[in-house]
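A look at the structure
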Amino acid sequence: MALTLHQLRTRAATIILAATAAALGAGCTQIETDITQGWDADRLYEEARTAAEDSDWTRAQDYYTKLESRYPFGRYAQQAQIESAYAYWREGDVEQCVQACDRFLRQYPDHANSDYVLYLKAISTLNQRNTIFTALLTQDIYERDADAAQTAFDTFKELIERFPQSRYAHEARRRMHELVLSQAHHEYNIAKFYFDRHAYVAAIERDQNVVRTFQQTPYSDDALELIRDCYREMGVKDLEADVERVLALNQNRER
């Protein structure tokens, strides 16, 4: 039996309504429910710590962020900021880690854990993902990022000056020493680069900077030897002899 125009319109409207309802229903099922709704500060903090212990840094970070947002003046707020910064670091998001450390240090400059936050900021600045107490080999850091190395050095220095008795002070001194060696090594490598290309004047300038600035490092004598070799290649015998005498004096002092 043929349908009337009114029946066709009614059936079409019914189909459209049914399709719309189905689409809305599907959309509702796709909306994620925030399982943390209704959690108090204790629950959020404990769940964040559990996630961190499981190395689920993304979930831990989410809980710490919600804890800071919902309970900014609660007893966990400061600790959550510290642990949030650490979670960023473990996730490999060193930029966010440094920003979180800076924010904490601005808000709580005299906090009991400010030394730890300074230490975390420094190693994050170096973009290292090693465990916090393992050795950091920085021989080539200046070749990779001299600005980051300088910022890290300054942060380690601030830690030592402000918290000389900190449990992190010894490690900060060791890393500062490594950064100095790294910079000296980098400067010497540049001088060697110029020497190998017969740019002897440029090589001497770089070597002189090593001798002046990094006198207490092994690269000081290496730089003097390269200066001597530069004068030898240039045929400047008197200056070559002067540098040779300085090297001899240094060797005698070391005996």
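Residues numbered from 1 in each chain as written. Predicted model: local features only at pLDDT ≥ 70, side-chain atom pairs only at ≥ 80, totals over all residues. Heavy atoms only, no water.

Right, let's talk about the side chain of Q61 for a bit. The topology assignment puts Q61 in helix α3 (residues 57-70). Classification of Q61 by relative accessible area gives buried; the value is 6%. (Helix = DSSP H or I, 4+ residues; strand = E, 2+ residues; numbered from the N terminus. Buried < 20%, exposed > 50% of the residue type's maximum accessible area, 1.4 Å probe, protein only.)

With that settled, the discussion passes to unusual backbone geometry. Backbone geometry at S55 places phi at a positive 60 degrees, although glycine is not the residue there. Position of S55 relative to the elements: it lies in the loop between α2 (41-53) and α3. With phi around 65 degrees, H198 is a residue other than glycine that occupies positive phi space. The topology assignment puts H198 in the loop between α9 (169-196) and α10 (200-213).

Moving on: α3. Its 14 residues place the ends of α3 20 Å apart at the C-alpha level, agreeing with the 20 Å of an ideal helix rising 1.5 Å per residue. If you check which residues of α3 are buried, you get W57, A60, Q61, Y63, Y64, K66, L67 and E68. (Expected span 1.5 Å × (residues − 1).)

For the rest of this paragraph, the subject is the environment of L67. Within the secondary structure layout, L67 lies in helix α3. Expressed as a C-alpha distance, the spacing of L67 and T36, which sit 31 residues apart in the sequence, is 9.9 Å. Leaving out residues up to four positions away in the same chain, L67 has contacts with A41, L44, Y45, P72, Y76 and A80. (Contact = heavy atoms within 4.5 Å.)

Time to look at the packing of aromatic side chains. Overall, the coordinates contain 11 aromatic pairs when judged by the stated rule. Ring geometry for Y45 versus Y76: centroids 4.4 Å apart, planes at 10 degrees, classification stacked. Remark: Y76 occurs in the loop between α3 and α4 (77-91) and Y45 occurs in helix α2; sequence separation between them is 31 residues. Note on Y76: relative accessible area 12%, which makes it buried. Between Y119 and Y168, the aromatic rings sit 5.4 Å apart at their centres with planes inclined by 20 degrees, giving stacked as the arrangement. Residue Y119 is found in helix α6 (residues 114-125), and its partner Y168 is found in the loop between α8 (146-162) and α9; the two are separated by 49 residues along the sequence. Both residues of the pair, Y119 and Y168, count as buried. These aromatic residues form a ring-pair network of at least three members: Y116, Y119, F156 and Y168. (Phe/Tyr/Trp six-rings, centres within 6.5 Å; stacked < 30°, edge-to-face > 60°.)

So, on to the packing of α8 against α9. Relative orientation of the contacting elements α8 and α9 amounts to 150 degrees, with a least axis distance of 9 Å. By the angle between their axes, α8 is roughly antiparallel relative to α9. For the pair α8 and α9, the crossing hand works out as left-handed. Every residue of α9 that contacts α8 at A149, A152, F153, F156, K157, L159 and I160 is listed here: A169, A172, R173, R175, M176, L179 and V180. Counted by class, the contact of α8 with α9 contains 11 nonpolar, no polar and three charged residues. (Axes fitted to C-alpha atoms, helices over the stretch in contact; angles between N-to-C directions. Parallel < 35°, antiparallel > 145°, perpendicular 65-115°, else oblique. Left-handed = near helix turned anticlockwise from the far one by under 90°. Nonpolar A, V, L, I, M, F, W, Y, C, P; charged D, E, K, R; others polar.)

On to the pattern of salt bridges, then. The full count for this structure, using the stated rule, is 21 salt bridges. K121 is the partner of D102 in a salt bridge, and the nearest nitrogen-oxygen pair spans 2.8 Å. Here K121 lies in helix α6 and D102 lies in helix α5 (residues 94-107), a separation of 19 residues in the sequence. Residue R175 pairs with E171 through a salt bridge whose shortest N-O separation is 3.1 Å. One end of the pair is R175 and the other is E171, both in helix α9 and four residues apart, which spans about a single turn. (Salt bridge = Lys/Arg side-chain N within 4 Å of Asp/Glu carboxyl O.)

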